[in-house]
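Chains, contacts and geometry: an overview
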Amino acid sequence: MSRRGSSTATILTHSLTKSYGDLTALNDFTLEVEQGSIFGLLGPNGAGKTTLIRILTTLMRQSSGEVLIEGLDPHTHGREIRSLIGVVSQENSLDRYITARENLELHARLHGMEAGHYRRRIDELLELMGLAGRQNDMPDTYSGGMQRRLVVARALLHEPRVLFLDEPTTGLDPQSRRAVWEYVRSISGSMTIFLTTHYLEEAEQLCDRIAIMDHGRLIALGSSQELKDKLAGGTVYQIDFSEHTERYAALLRGMFCVKEIEVLEQAVCVSLESWECLSEVVTALNGAPVRRISLKERTLEDVFMDLTGTGVRE
């Protein structure tokens, strides 16, 4: 297998395809993830994210194409790759018949960690995740959020070189989510972190680079700002009215420099050809009950919706 891409890339895929009969879950998917980076993968339900994660973590083989993790081919070096990675999957795979601490101890022994090292590491992670006081209880007695925190602790225990986080904060309360992400920030650079999430603000705040996929294909790639800069629609302003919003929305719709318009309850968002067009809008609204005009910064959610649509996916 040829080694493609940057020598500093931790994860490489080239023309990756996975089919289930007539269904193509991954379609010619090529990607590079740089060493030490936090990389975010976004996509609607059914986009192929979980299939990609399962291939990258050696749980599934692709139909065609190439994969390298830390320069290793999962087909021939699966065991070595599994020793290098940590995985927080969507499923709760805790052992329900042993305590939380024993779950972590079992994981440490499976990774060949020395007792003196893993005991200190377990103490640190239990404290970090707010589970120290419940470490001798069975996971079945935990809330869903506490179980999720234990799964995250287990993935971090052996200090992996590549950490896969497949929607890791689903079901967590805001305090627990913050604790997880503060820890992720603290370890960024010491390991490569590959993240999938439906919380777009997490990806926007945490990730160095973000990929958006849909229908098994990579459709956008870049930093959060780069993705927002590529978003079509020009400059967007929000105009807040004290009354008669619909009347002035109709006026703005008829203006040549207004590309798009969205009517809110007491405001109108207008997409202009450029910021210079704002003077024309202000002139047109002379005498209107305008309370405020503000620049509306594009968000990663705007990019996501623009690329993947607004319809609900099954």
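So, about the sheet that holds strand β4 (residues 64-69). Read across the sheet, 3 strands follow the order β2-β1-β4 without closing on themselves; strand pairing throughout is antiparallel. Both outer strands of the open sheet, β2 (23-34) and β4, are each paired with one neighbouring strand and no more. The sheet shows a mean angle of 15 degrees between the axes of neighbouring strands, direction not considered. Packed onto the sheet, helix α1 (residues 49-56) meets β1 (9-20), β2 and β4 and runs at close to 120 degrees relative to β1.

Before going further, it helps to examine the state of the cysteines. Tallying each qualifying case throughout the model produces 0 disulfides. Between Cys-269, a free cysteine, and Cys-257, which holds the nearest cysteine sulfur, the sulfur-to-sulfur gap is 15 Å. Cys-277 takes part in no disulfide bond, and the closest cysteine sulfur to it belongs to Cys-257, at a distance of 4.2 Å. Note on Cys-277: relative accessible area 8%, which makes it buried.

Our focus in this paragraph is the packing of helix α3 (residues 100-110) against helix α5 (residues 144-156). It is the contact of α3 with α5, at a shortest axis distance of 9 Å, that shows an interaxial angle of 25 degrees. Taken together, the axes of α3 and α5 lie roughly parallel to each other. In the crossing of α3 with α5, the sense of the turn from one axis to the other is right-handed. For the pair α3 and α5, the contacting residues are Ala-100, Leu-104 and His-107 in the first and Leu-150, Ala-153 and Arg-154 in the second. Residue composition of the contact of α3 with α5, grouped by class: 4 nonpolar, 1 polar and 1 charged.

Attention now moves to the confidence of the model for the chain. With 95% of its residues at a pLDDT of 70 or more, the chain has an overall mean of 89. Within the chain, helix α6 (residues 174-187) has the poorest average pLDDT of any element, 82, and α3 the best, 97. For the stretch residues 1-5, pLDDT sits under 50, and the model shows 13 contacts to residues farther than four places along the chain or on other chains.

Before going further, it helps to examine empty space enclosed by the protein. Here the idea is plain: a probe the size of a water molecule rolls over the atoms and shows the empty space left. Counted by the stated rule, this structure contains 1 cavity of 30 Å³ or more. Forming the boundary of the largest cavity are Met-129, Val-152, Leu-156, Leu-163, Leu-165, Val-180, Tyr-183, Val-184 and Ile-187. Contributions of two or more residues to the lining of the largest cavity are made by α5, β6 (162-166) and α6. Among the elements that make up the lining of the largest cavity, the one with the highest residue count is α6 (4 residues). Tallied by class, the residues present in the lining of the largest cavity amount to 9 nonpolar, no polar and no charged.

One key point about sheets: their strands pair by backbone hydrogen bonds, in either a parallel or an antiparallel sense. Spatial strand order, β11-β12-β10-β13: 4 strands in an open sheet with antiparallel pairing. The outermost strands of the open sheet, each flanked by one partner alone, are β11 (258-263) and β13 (290-295). Across the sheet, the axes of successive neighbouring strands diverge by a mean angle of 20 degrees, strand direction being ignored. One ladder, built from 5 bridges, connects strand β10 (residues 235-241) with β13; its direction is antiparallel. The partner of Phe-241 across the bridge, within β13, is Val-290. This element, helix α9 (residues 245-253), spans β10, β11 and β12 (267-272) of the sheet and lies at about 165 degrees to β11.

Parameters and conventions
Residues numbered from 1 in each chain as written. Predicted model: local features only at pLDDT ≥ 70, side-chain atom pairs only at ≥ 80, totals over all residues. Heavy atoms only, no water. Pairing = 2+ DSSP bridges. Helix = DSSP H or I, 4+ residues; strand = E, 2+ residues; numbered from the N terminus. Axes fitted to C-alpha atoms, helices over the stretch in contact; angles between N-to-C directions. Contact = heavy atoms within 4.5 Å. Disulfide = S-S within 2.5 Å. Buried < 20%, exposed > 50% of the residue type's maximum accessible area, 1.4 Å probe, protein only. Parallel < 35°, antiparallel > 145°, perpendicular 65-115°, else oblique. Left-handed = near helix turned anticlockwise from the far one by under 90°. Nonpolar A, V, L, I, M, F, W, Y, C, P; charged D, E, K, R; others polar. pLDDT = per-residue confidence, 0-100. 1 Å grid on protein atoms, 1.4 Å probe; cavity = no way out; pocket = protein on both sides within 12 Å on 5 of 7 lines; lining within 4 Å. Points joined across faces, edges and corners; volume = space filled by probe spheres on them.

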